[in-house]
Structures are given as C-alpha cells and as structure tokens.
Amino acid sequence: MKSKYTRKNACFNNYKIMKKNMSKADAIIRIIVATVILILWYSGAISGTILIVLAVVAAIFMITGFINFCPLYGVLGIRTRPKSVE
C-alpha cells in the first residue's frame, strides 16, 4: 500500500523556514558588538556572571549576524532586510 504522505505533500515544501530578515548593516553591527565583547573578555575587562551573560549574547549575535536571520525578528514581525535584495 502506497503512503499518501510524500515529500511532495509536505507542509513546508514551498516555505522557507529561515528566510533572511536582517539587513547587511544589522548583521555587521551584531558582529562588531560580538567582537567587542570578545576583546573585553580577552583583555580581562569583564569577568564572572556578566561575562557569561555577555558571552551568550555575543554567540547569538555572531550566529544571527552570519546567517542573516534573527528568530526574534520573525516572531515580532520585524524585517530590516529590504525586499529588493531577495
């Protein structure tokens, strides 16, 4: 018996799950902020709990900056990427 559920009938077949929603400037700013946090850690200017919090923020900024997709922007409906780029 053939299954009626095929790849052709998949829900997300024509939908991009991680559609880019960040402009180049937004991504560059995030990467710069993450780099500054890394420099502050390396120089010893930050430590302890604040270091852990900022390290998590820096990691999120680096990842979202490189893939040009921010999940929070998607949830809030924010889009800094111009439509003409797509």
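Cut-offs used in this document
Residues numbered from 1 in each chain as written. Predicted model: local features only at pLDDT ≥ 70, side-chain atom pairs only at ≥ 80, totals over all residues. Heavy atoms only, no water. Helix = DSSP H or I, 4+ residues; strand = E, 2+ residues; numbered from the N terminus. Polar contact = N/O pair within 3.5 Å; in protein donor to acceptor, adjacent residues only side chain to side chain. Contact = heavy atoms within 4.5 Å. Expected span 1.5 Å × (residues − 1). Buried < 20%, exposed > 50% of the residue type's maximum accessible area, 1.4 Å probe, protein only. Arc of directions from axis to C-beta. Patch = residues over 30% accessible without salt bridge, like charges linked within 9 Å, V, L, I, M, F, W, Y side chains within 5 Å. Areas by Shrake-Rupley, 256 points an atom, 1.4 Å probe, with all protein chains shown as cover. Salt bridge = Lys/Arg side-chain N within 4 Å of Asp/Glu carboxyl O. Phe/Tyr/Trp six-rings, centres within 6.5 Å; stacked < 30°, edge-to-face > 60°. Lys NZ or Arg CZ within 6 Å of the ring centre and 35° of its normal.

A. Broad picture of the side chain of Arg30. Structurally, Arg30 is set in helix α1 (residues 24-43). Polar side-chain contacts of Arg30 include one of 3.0 Å to the side chain of Thr64. Each residue touching Arg30, except ones within four places of it in the same chain, is listed here: Met22, Phe61, Thr64, Gly65, Cys70 and Tyr73.

B. A look at the side chain of Ser23. Within the secondary structure layout, Ser23 lies in the segment before α1. Polar contacts involving the side chain of Ser23 include one to the main-chain amide nitrogen of Asp26, which spans 3.2 Å. Residues contacting Ser23, with those up to four places away along its chain left out, are Thr80, Arg81 and Pro82.

C. Representation of α1. Here α1 is 20 residues long and its end C-alpha atoms lie 28 Å apart, about the 28 Å a rise of 1.5 Å per residue gives. Listing the buried residues of α1 in full gives Asp26, Ala27, Arg30, Ala34 and Ile37. Along the axis of α1, the buried residues cluster in a sector spanning 100°; they form a single face. Opposite its buried face, α1 presents the exposed residues Lys24, Ile29, Ile39, Tyr42 and Ser43, each directed more than 90 degrees away. Buried residues along α1 sit against α2 (49-67) and α3 (71-76). Just downstream of α1, Gly44 is the residue with a positive phi angle, here 85°.

D. Representation of unusual backbone geometry. A positive phi is found at Asn68, a non-glycine position, where the angle reads about 55°. Mapping Asn68 onto the fold places it in the loop between α2 and α3.

E. How the structure looks around a nonpolar patch on the surface. A contiguous nonpolar patch, built from Ile17, Met18, Ile63, Phe66 and Ile67 and spanning about 550 Å² of accessible area, is present on the exposed surface. Checked against the element boundaries, Ile17 lands in the segment before α1. Judged by its relative accessible area of 57%, Ile17 falls in the exposed class.

F. A look at the packing of aromatic side chains. The final tally for this structure, using the stated rule, is 1 aromatic pair. For the cation-ring pair, Arg30 lies above Tyr73, with the distance from its terminal atom to the ring centre recorded as 5.2 Å.

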